[in-house]
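Listed below, chain by chain, are the residues.
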2 protein chains.
Amino acid sequence: MGKTLQDRCIAAGLKMTGQRKVIISVLENSDNHLSVEMVYERAKAEDSSISLATVYRTMNLLDELDLVIRHDFNESFSRYDVNIDDHYHLIDTETSEVVEFENSEVEAIVRKVAAELGYDLVDHRLEVYGHKKKA
Amino acid sequence: MGKTLQDRCIAAGLKMTGQRKVIISVLENSDNHLSVEMVYERAKAEDSSISLATVYRTMNLLDELDLVIRHDFNESFSRYDVNIDDHYHLIDTETSEVVEFENSEVEAIVRKVAAELGYDLVDHRLEVYGHKKKA
DNA sequence: ATACATGCAAATAATTTGCTCTCAG
DNA sequence: CTGAGAGCAAATTATTTGCATGTAT
C-alpha cells in the first residue's frame, strides 16, 4: 500500500490547509507532467479562491521535500511529476505529449560513467524527443 | 579539417556583420556551455557597442540552424554548446561545473526504446548530476 | 496563541519585440 | 540600393516576494 501524497505531506509535517488539500488532490488525480498553470486551473475549479502564488509556493515546497519532481523539458515553463518510481520521458515533438518509460540498462551505464569520472551519482535524467511513426 | 563555426554561418547564408563575427569568435574560443550573459560579457569586451538583444537574437538564430545546441540544465537560464559531436553532460551539483562525456551504448538503447514505443527518434539528452567523490 | 499560509499586487529575471537607423551584399 | 540586422527601451512571460490578514495545530 503506497502512501498517498497527502500522507507524505502530513508525515513531512506540512500544515494541511484547505488550499494544499485541493492542490494535492489535483496532483493525485491527474496524469503526470502538469505545469503550474494546469494545476492552478484545476485547483481553481475546486476552490476559486486559490491563488497562483500559492500554487507556485506549494509546488516549490513539494519539490524541496522530493514529493514531486520538477522537470524542464524544452518549454518555457516547468512541469512536475508526482514522485514514486524512476522513469524517463519521451516527448512528442509534434504534440508535446509526454510518454514515460523505464529502462534498467541506462541506470547501470550512468552509474558506471559517474564512477569513472570520479563522481558520486546524485541524479540523472534521460529525455528522448521524437514523433509518432507515420504509416 | 572540420569547418569552423564561421564557415558554417557563411554556408548557411548569414550576413556576416561585425557583431556576428565577434559573437562567433567568442563561441569558437571559449569552453562550451556558455550562457547568453557570458557570451555578452565577452563579446562586449571586444566590441563595446554590442547589445544584449543582439546576442539573444544571434544565439536563437544559431540554435535554429543547429549550429549551436541550447541546453536547460537546472538553472534559470539557458546555456549553449557549440555543436559538433554528440555528447552527454555530467553537472557537478556543488560547483555547477559541466563535464562532457560520450557513450555509445546509450544511443543504441534510446533508439531501441523509441522504436518500441512507436516513435521516430528526433533527439535525446542525458544529464547526470553528481559531485566529486570525497577522499 | 502563534507560527506558518494565503491573496494580492508589485517586483524579478530571462528573454523577446517594436521601431528607427545602419550596413553588408 | 535595399532588405536584413543592430541598438535601445519597452513589453512579455514565468516565477518570486513583501505585506497585511487568515488559520491549522
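Keep in mind the model is a prediction, meaning the values are calculated, not measured. (Residues numbered from 1 in each chain as written. Chains lettered and ligands numbered in written order. Predicted model: local features only at pLDDT ≥ 70, side-chain atom pairs only at ≥ 80, totals over all residues. Heavy atoms only, no water.)

Bringing the relation of the copies chain A and chain B into the picture now. Take chain A, turn it by 180°, move it 0.0 Å along the axis, and it overlays chain B with an RMSD of 0.1 Å. The transformation just described matches what one would write down for a two-fold rotation axis. Closest approach to the rotation axis within chain A is made by the C-alpha atom of A:L126, at a distance of 2.2 Å. (Least-squares fit on C-alpha atoms with pLDDT ≥ 70 in both.)

With that settled, consider the interface of chain A and chain B. Contacts between the two partners involve 36 residues from chain A, matched on the other side by 36 residues from chain B. Of the roughly 3,200 Å² buried at the junction of chain A and chain B (both faces included), carbon and sulfur atoms supply 62%. It is A:Y119, A:R125 and A:K133 that lose the most area in chain A upon contact with chain B, and together they represent 22% of the buried surface on that side. The shortest N-O distance in the salt bridge between A:K112 and B:E105 comes to 3.6 Å. Linking chain A with chain B are twelve residue pairs in polar contact (both at pLDDT 80 or more), by the criterion used here. (Contact = heavy atoms within 4.5 Å. Buried area = accessible area lost by both parts, 1.4 Å probe. Salt bridge = Lys/Arg side-chain N within 4 Å of Asp/Glu carboxyl O. Polar contact = N/O pair within 3.5 Å; in protein donor to acceptor, adjacent residues only side chain to side chain.)

A few words on the protein's contact with DNA strand C. Residues in close proximity to DNA strand C total 20 residues, the closest being A:T17, A:S49, A:S51, A:T54 and B:Y56. Separating a phosphate oxygen of DNA strand C from a backbone N or O atom of B:M16 is a distance of 3.4 Å. Contact distances for DNA strand C include 2.9 Å between a phosphate oxygen and a side-chain N or O atom of B:N60. Where the surface near DNA strand C is concerned, the elements lending two or more residues are α2 (18–28) and α4 (52–64) of chain A together with α4 (52–64) of chain B. Each residue belonging to the surface near DNA strand C can be placed in one class, and the counts come to six nonpolar, nine polar and five charged. (Near = heavy atom within 4 Å. Helix = DSSP H or I, 4+ residues; strand = E, 2+ residues; numbered from the N terminus. Nonpolar A, V, L, I, M, F, W, Y, C, P; charged D, E, K, R; others polar.)

Another point: the pattern of salt bridges. Any two side chains of opposite charge can pair if their charged atoms end up close together. Residue and element names in this part refer to chain B. Across all of its chains, the model carries 14 salt bridges over all chains by this definition. With a shortest N-O distance of 3.8 Å, D31 and R42 are connected by a salt bridge. In this pair, D31 sits in the loop between α2 (18–28) and β1 (34–35) while R42 sits in helix α3 (residues 36–46), placing the two residues eleven residues apart along the sequence. Exposure remark for D31: the relative accessible area of 53% places this residue in the exposed category. Judged by relative accessible area, R42 falls into the partly exposed class, the value being 34%. K44 is the partner of E41 in a salt bridge, and the nearest nitrogen-oxygen pair spans 4.0 Å. You can see E41 and its partner K44 sitting in helix α3, three residues apart, about one turn around the helix. Taking the relative accessible area as the measure of exposure, K44 reaches 29% and is therefore partly exposed. (Buried < 20%, exposed > 50% of the residue type's maximum accessible area, 1.4 Å probe, protein only.)

In contact at an axis separation of 11 Å, helix α5 (residues 104–117) of chain A and helix α5 (residues 104–117) of chain B are set at 165° when each is read in the N-to-C sense. Viewed along their axes, α5(A) and α5(B) adopt a mutual orientation that is roughly antiparallel. Classified by chirality, the crossing of α5(B) by α5(A) is left-handed. Contacts between α5(A) and α5(B) involve A:E105, A:V106, A:I109 and A:K112 from the former and B:E105, B:V106, B:I109 and B:K112 from the latter. Of the residues assigned to the contact of α5(A) with α5(B), the class counts are four nonpolar, no polar and four charged. (Axes fitted to C-alpha atoms, helices over the stretch in contact; angles between N-to-C directions. Parallel < 35°, antiparallel > 145°, perpendicular 65-115°, else oblique. Left-handed = near helix turned anticlockwise from the far one by under 90°.)

This part takes up α2(B). When we look at burial in α2(B), the residues that qualify are B:V22, B:I23, B:I24, B:V26 and B:L27. Buried residues belonging to α2(B) abut α1 (5–11), β1, α3, α4, β2 (68–71) and β3 (79–82) of chain B.

As a further point, take the domain arrangement of chain A. All names here are of chain A. In terms of domain boundaries, chain A breaks down into domain 1 (5–81) and domain 2 (88–130). With centres defined by C-alpha atoms, the gap from domain 1 to domain 2 works out at 24 Å. Counting from both sides, the interface comprises ten residues of domain 1 and, opposite them, eight residues of domain 2. Among the residues of domain 1 in contact with domain 2, H33, H71 and F73 are the three that bury the most area, contributing 57% of the side total. On inspection of domain 1 and its partner domain 2, the count reaches zero salt bridges. Inspection of the region where domain 1 meets domain 2 yields three residue pairs in polar contact (both at pLDDT 80 or more). Those elements giving two or more residues to the side of domain 1 that touches domain 2 turn out to be β2 (68–71) and β3 (79–82). (Domains from an automatic or database assignment.)

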